Amino acid sequence: MIENSDISGMGATTSLWVNGRLLTLANDAGGLELIEDGALAVKDGRIAFAGRSQDLPLALSRATDVIDVERRLITPALIDCHTHIVFGGDRAMEFEMRLEGATYEDVARAGGGIVSSVKATNALSPEGLAEAALRRVDTLLAEGVSTLEIKSGYGLSIEGELNMLRAARLIGTLRPVRIVTTFLGAHATPVDYKGRNRDYLIDIVLPAMEQGHAEGLIDAVDGFCEGIAFSVDEMRIVFDRARDLGIPVKLHAEQLSNLGGAAMAASYGALSADHLEYLDAEGAAAMADAGTVAVLLPGAFYAINETQKPPVQALRDAGVKIAIATDCNPGTSPLTSLLLTMNMSATLFRLTVEECLAGATREAARALGLLAETGTLEEGKSADFAIWDVQRPAELVYRIGFNPLYARIFKGQQVSA
Ligand SMILES: [Zn+2]
C-alpha cells in the first residue's frame with residue numbers, strides 16, 4: 001500500500017539537518033538542554049523530528065535532502081514580539097538637539113517628538129510605509145528573526161492607523177517572515193484632541209478598531225497606559241470593545257509610573273504587559289494568575305536613561321513568564337537588533353542566558369499567542385530555526401554587536417545566510 005502523501009509529490013520531501021548542536025528550548029521547566037549530536041527533520045514545512053541523531057526514526061533518516069551543519073548551534077528562529085517598526089521619518093535631529101542641550105520644549109517647537117513621527121507617517125501610503133520599514137526589518141531578519149510583531153500608533157486617525165496595519169501586512173508578503181499585527185490607536189492623543197482622550201477613543205480608536213477588525217488587519221489590541229497617555233479607566237473602554245470583538249489584548253504598562261495597568265490588563269486575560277519598570281508585587285501576582293507574559297524592553301530603558309529596573313526577581317517569584325523585544329521605534333528605542341537586546345537584558349536587567357534565549361523565542365511566541373505554532377523546536381511546529389556559527393548558546397547573549405547567523409530557515413526553507 002502506498003500512502004497518498006507518498007505519491008502526491010507535493011510535501012513528500014523530507015529535509016534533514018544533521019550533526020548539529022541542538023537547543024530546542026522545549027522544556028520550560030528550566031535548564032538549557034543542549035543536544036550535542038542533534039538532528040532536525042522537516043516535512044511539509046513543519047518539524048517532523050528534533051532530537052538526538054540516534055533517536056531519529058528510520059523513515060525520516062531516508063530524507064531526500066540532507067544538510068550537514070558541521071557542529072553548528074541550531075536554535076528556534078528568533079521572535080521580536082514588540083515593535084513599532086513601521087513609521088515615517090526618523091527622530092535623529094531631535095536626538096542631536098537634545099545632546100546639544102535642547103529642552104523638551106525646544107524640540108517640540110522645532111517640530112520634534114511623536115508629533116513629527118505622526119506627520120511623517122501620515123504622509124506615506126501603505127506601500128511607502130512598508131518600503132521605509134524594510135531596511136529595518138531586513139536587519140532583524142539577518143539576525144535570525146522569523147516572526148515579527150508590528151504595532152500601529154503613529155497614524156492617530158482612522159485611515160492613518162489602518163494604513164500602518166496594511167503596511168505591516170504588506171511586509172509579510174515582501175519578505176519571508178511571519179507578521180503579527182497589533183492595533184495601537186491608543187498610543188497618544190493627536191493634537192486636535194489634546195485634553196480630550198475619551199473623545200479621541202470614541203471618535204477614532206473604536207471605529208478604527210472595528211474597521212481594522214472587519215478587514216482582518218488586527219491580531220491584537222494594545223494601548224499606552226501612562227500618566228502622559230491613557231489612564232486605566234480609559235484603557236478599559238478600548239479593551240471592552242476588543243473583548244466584544246474577540247480580539248486579544250496587551251498593554252504598555254508601568255513604564256514610567258505604577259498605575260496598575262498590568263493588573264487591569266491581566267483582568268482581561270492579556271497576552272502580555274510590556275515595559276513594567278514600575279510594576280509591583282501585586283501586579284506581578286495578577287499577571288501570573290492570568291498567564292500574562294512580561295515583555296521587557298531594555299532598548300527603551302537604555303535610550304531614555306531610565307534607572308528604575310523592572311522587578312525581575314518579583315516576576316520570577318510570582319511565576320510570570322518573561323519575554324524580551326527590541327521595542328524598535330523612532331523615539332525611545334531606535335534598536336533593530338534582537339541579539340543586542342539579549343545582551344542588554346542580561347547586562348542591564350540581569351536575566352540569565354536561558355532567560356534571554358527563551359525570552360527571544362519561546363516566551364516571545366507565548367506573548368503573541370503563537371506558542372503552538374513556533375518558538376521552540378518541537379514536532380508539529382512550523383520549521384522556523386536559526387543556525388549559528390557559535391559553540392555555546394551563551395555566545396549569542398555575551399557578544400556585543402556581533403552577528404554569527406549562518407542560516408535562517410523559515411517554514412522549512414532556507415531564506416538567508
Ligand atoms: Zn512599545
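Conventions and cut-offs
Residues numbered from 1 in each chain as written. Predicted model: local features only at pLDDT ≥ 70, side-chain atom pairs only at ≥ 80, totals over all residues. Heavy atoms only, no water. Donors = N, O, S within 2.8 Å, 3.2 Å for Na, K, Ca; no water. Tetrahedral: all angles 85-135°; square planar, octahedral: opposite > 155°, others 65-115°. Buried < 20%, exposed > 50% of the residue type's maximum accessible area, 1.4 Å probe, protein only. Phe/Tyr/Trp six-rings, centres within 6.5 Å; stacked < 30°, edge-to-face > 60°. Helix = DSSP H or I, 4+ residues; strand = E, 2+ residues; numbered from the N terminus. Lys NZ or Arg CZ within 6 Å of the ring centre and 35° of its normal. pLDDT = per-residue confidence, 0-100. Contact = heavy atoms within 4.5 Å. Pairing = 2+ DSSP bridges. Axes fitted to C-alpha atoms, helices over the stretch in contact; angles between N-to-C directions. Patch = residues over 30% accessible without salt bridge, like charges linked within 9 Å, V, L, I, M, F, W, Y side chains within 5 Å. Areas by Shrake-Rupley, 256 points an atom, 1.4 Å probe, with all protein chains shown as cover. Salt bridge = Lys/Arg side-chain N within 4 Å of Asp/Glu carboxyl O. Core = buried A, V, L, I, M, F, W, Y, C linked by side-chain atoms within 4.5 Å. Disulfide = S-S within 2.5 Å.

Visitor: I'd love a proper account of the coordination of the zinc ion, names of residues and values included.
Guide: Bound to the zinc ion are the protein donor atoms His82 (NE2), His84 (NE2), His252 (NE2) and Asp327 (OD), situated 2.0 to 2.5 Å from the metal. Around the zinc ion sit four donor atoms, and with donor-metal-donor angles ranging over 81 to 168° the site reads as irregular. Donor residues for the zinc ion sit on one chain with the sequence pattern H-x1-H-x167-H-x74-D. According to the relative accessible area criterion, His82 is buried, its value standing at 0%. For His84, a relative accessible area of 3% puts it in the buried group.

Visitor: Break down the packing of aromatic side chains for me, citing the residues and quoting the values.
Guide: All chains considered together, the criterion is met by six aromatic pairs. Ring centres 5.4 Å apart and planes at 70° place the aromatic pair Phe239 and Tyr268 in the edge-to-face group. Of the two residues, Phe239 sits in helix 9 (residues 232–245) while Tyr268 sits in the loop between helix 10 (261–267) and strand 11 (272–275), which places them 29 residues apart along the sequence. Each member of the pair, Phe239 as well as Tyr268, carries the same accessibility label: buried. The structure contains a cluster of three or more aromatic residues connected by ring pairs, namely Tyr193, Tyr200 and Phe230. When the ring centre of Tyr406 is taken as reference, the NZ or CZ atom of Arg72 above it lies at 3.7 Å. The ring centre of Phe87 lies 3.6 Å from the NZ or CZ of Arg136, which sits over that ring.

Visitor: Describe the confidence of the model for the protein chain, naming the residues involved and giving the relevant values.
Guide: For the protein chain, per-residue confidence averages 94 on the pLDDT scale, and 97% of positions sit at 70 or higher. No element of the protein chain has a lower mean pLDDT than helix 1 (residues 4–7), which averages 38, and none a higher one than strand 6 (residues 78–80), which averages 99. Here residues 1–11 scores under 50 on pLDDT; set against residues more than four positions off or in separate chains, the count is five contacts.

Visitor: Quick rundown of the sheet that holds strand 9 (residues 220–225)? Include the residues and the values.
Guide: What the eight strands build is an open sheet, ordered 6-7-8-9-10-11-12-13; its pairing is parallel. In the strand order of this sheet, the two ends are held by strand 6 and strand 13 (322–324), each with one partner. The average angle at which neighbouring strand axes cross in this sheet is 25°, direction not considered. Pairing of strand 10 (residues 250–253) with strand 11, which is carried by four bridges, proceeds in the parallel orientation. Residue pairing in the sheet places Ala253 in a bridge with His275 of strand 11. Across the face of the sheet, helix 7 (residues 158–174) comes into contact with strand 7 (145–151) and strand 8 (178–186) while running at roughly 170° to strand 8. Set on the sheet, helix 14 (residues 338–349) makes contact with strand 6, strand 7, strand 12 (293–296) and strand 13; between it and strand 6 the angle comes to about 80°.

Visitor: I'd like to hear about unusual backbone geometry, residue by residue, with values.
Guide: Note: most residues except glycine have negative phi, and most peptide bonds are trans. Although it is not a glycine, Arg71 adopts a positive phi angle of roughly 70°. Structurally, Arg71 is set in the loop between strand 4 (65–68) and strand 5 (73–76).

Visitor: Before we move on, can you summarise a nonpolar patch on the surface with the specific residues and values?
Guide: Taken together, the side chains of Ile228, Leu256 and Ile304 present a nonpolar region at the surface, about 270 Å² in accessible area. Relative to the elements of secondary structure, Ile228 occurs in the loop between strand 9 and helix 9.

Visitor: Quick one: what's the story with the environment of Val66, residue by residue and with numbers?
Guide: When you line up the elements, Val66 lands in strand 4. When its relative accessible area of 49% is taken as the criterion, Val66 is described as partly exposed. Expressed as a C-alpha distance, the spacing of Val66 and Ser345, which sit 279 residues apart in the sequence, is 36 Å. The residues touching Val66, leaving out its near neighbours within four places in the chain, are Leu16 and Val18.

Visitor: Provide a residue-level description of the nonpolar core, including the pertinent values.
Guide: Counting 91 residues, the largest nonpolar core has Val221 and Phe239 as the members making the most contacts within it. When residues no more than four places from it in sequence are discounted, the contact partners of Phe239 are Val221, Val249, Lys250, Leu251, Met264, Ala265 and Tyr268. Residues Ile35, Ile74, Leu377 and Phe385 belong to the second largest nonpolar core, which totals 14 residues.

Visitor: Explain the pattern of salt bridges to me, using residue names and the numbers behind them.
Guide: Per the counting criterion, the structure on display carries 29 salt bridges. Between Arg366 and Glu363 there is a salt bridge, with the nearest N and O atoms lying 2.5 Å from each other. Taken together, the positions of Arg366 and Glu363, both in helix 16 (residues 362–367) and three residues apart, correspond to about one turn of that helix. Overall, Glu363 belongs to the buried group, its relative accessible area being 3%. Connected through salt bridges with shared partners, the residues Asp28, Lys321, Arg362, Glu363 and Arg366 form a single ionic network.

Visitor: Explain the state of the cysteines to me, using residue names and the numbers behind them.
Guide: Evaluation of the coordinates by the stated rule reveals zero disulfides. This cysteine, Cys81, is not joined by any disulfide, and Cys356 carries the nearest cysteine sulfur, 13 Å off. The structure places no disulfide on Cys328, whose sulfur is separated from the nearest cysteine sulfur, that of Cys81, by 13 Å.

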